[in-house]
Structure formats: C-alpha cells, structure tokens
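Summary of structural features
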Amino acid sequence: MLFWALVFLIVGITAGVLGLTGLAGAATQIALILFVVGLILAIVFFVMGRRPPV
C-alpha cells in the first residue's frame, strides 16, 4: 500500500510540474489517503504482533 502511495505521489508531483493542476491534486490526495491508511495498518499490526499467543 505504501508503494501505491509513492506511485501516486510521483504522479502528482509530475503532473504539478507539467501544470495539470486537477490531476496533480487528485493524485496527491490519493497518495495522502493511501499513506495514512498504510501507516495505521502498520501500527496496528506492530502492536498486535507483540501480544503473546492465547
């Protein structure tokens, strides 16, 4: 998921440089959402993995 966040971030930066503001805004918003979701999942899995088995 973090890979896709980076892909959309690169697409957004490239589109921003080329002047495609609508596409750049959409791609950076998608990148931000994917990054936050991936970060939350990573934290949850890190905490859940540290618990002893039942």
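The structure we're discussing is the one just above.
Residues numbered from 1 in each chain as written. Predicted model: local features only at pLDDT ≥ 70, side-chain atom pairs only at ≥ 80, totals over all residues. Heavy atoms only, no water.

Right, let's get into the overall build of the chain. From N to C terminus, the chain includes two helices and zero strands. For the chain, the residues scored as buried account for 13% of the 54 residues in total. Accessible surface, the chain as shown: approximately 4,300 Å² in total, 82% of it carbon and sulfur. (Helix = DSSP H or I, 4+ residues; strand = E, 2+ residues; numbered from the N terminus. Buried < 20%, exposed > 50% of the residue type's maximum accessible area, 1.4 Å probe, protein only. Areas by Shrake-Rupley, 256 points an atom, 1.4 Å probe, with all protein chains shown as cover.)

Let us now look at helix α2 (residues 21-49). For α2, with 29 residues, the first-to-last C-alpha span of 42 Å sits near the 42 Å given by 1.5 Å per residue. Residues of α2 that are buried include every one of A24, A27, A31 and G38, and no others. (Expected span 1.5 Å × (residues − 1).)

As for its position among the elements, T14 is in helix α1 (residues 2-18). On the basis of relative accessibility, which here comes to 41%, the residue T14 falls in the partly exposed class. In this structure the C-alpha to C-alpha distance between T14 and A27, which are 13 residues apart in sequence, comes to 9.9 Å.

The next thing to look at is the environment of I10. Examined against the element boundaries, I10 turns out to sit in helix α1. We classify I10 as exposed; its relative accessible area is 55%. In this structure the C-alpha to C-alpha distance between I10 and T28, which are 18 residues apart in sequence, comes to 8.4 Å.

Attention shifts here to the environment of F3. Topologically, F3 is positioned in helix α1. As a C-alpha pair, F3 and L34 span 31 residues in sequence and 9.1 Å in three-dimensional space.

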